Amino acid sequence: MPVPPPLTRLDSRVEASLGAGIAMLHAEQARTDAAARVLNAHRTLTRAETTVAFERMRLTICADRQRRVDAQLLADLSTQLEVLKNATAARDRAEADLLEHLQHRDGAEAVTAPAEPVGPRRSR
């Protein structure tokens, strides 16, 4: 079975933090509030990435070589660039939010993780 392409550039970091694959994580309910917040932030980022890809494709279609370059085309391009700019800003905010949730979760885990066991002491 082929591996699906990543949804975001932070997928591997989410998987490492939560200890499971993205598909599995989204299929089952999160076990902790921190994990649920990470997954919700990941969903938001995924939607934002999809919007950026969609708006980028719309810009490509708008800039089709066969359209006559005139005032209307330039206005359409300007409008589409503004839409794409807003979509990327929303994506960047969603990415920053996900990173914040990951750092908070990973930091909290480091504080609450039990100390590594020390081997038995050997007496001489």
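Attention here is on the structure that accompanies the text.

About the cut-offs
- Residues numbered from 1 in each chain as written.
- Predicted model: local features only at pLDDT ≥ 70, side-chain atom pairs only at ≥ 80, totals over all residues.
- Heavy atoms only, no water.
- Salt bridge = Lys/Arg side-chain N within 4 Å of Asp/Glu carboxyl O.
- Helix = DSSP H or I, 4+ residues; strand = E, 2+ residues; numbered from the N terminus.
- Buried < 20%, exposed > 50% of the residue type's maximum accessible area, 1.4 Å probe, protein only.
- Core = buried A, V, L, I, M, F, W, Y, C linked by side-chain atoms within 4.5 Å.
- Contact = heavy atoms within 4.5 Å.

**Some points on the pattern of salt bridges**
Point 1. One pass over the full model with this rule turns up 5 salt bridges.
Point 2. A salt bridge links Glu-95 to Arg-9; the shortest N-O distance between them is 2.8 Å. Here Glu-95 is found in helix α4 (residues 71-112), whereas its partner Arg-9 is found in the segment before α1 (11-18), with 86 residues between them in sequence.
Point 3. What makes Glu-95 buried here is its relative accessible area of 9%.
Point 4. Measuring nitrogen to oxygen at the nearest pair gives 2.8 Å for the salt bridge that ties Arg-67 to Asp-76.
Point 5. When salt bridges that share partners are traced, they join Glu-49, Arg-91 and Asp-92 into one network.

**Side note on the nonpolar core**
Point 1. Among the nonpolar cores identified, the biggest contains 15 residues, and Val-14, Leu-18, Leu-25, Val-38, Leu-45, Leu-98 and Leu-102 are the most heavily contacted of them.
Point 2. Secondary structure elements with two or more residues in this core: α1, α2 (22-27), α3 (33-62) and α4.
Point 3. The residues contacting Val-14, other than those within four sequence positions of it, are Gly-19, Ile-22, Leu-25, Val-38, His-42, Leu-98 and Leu-102.

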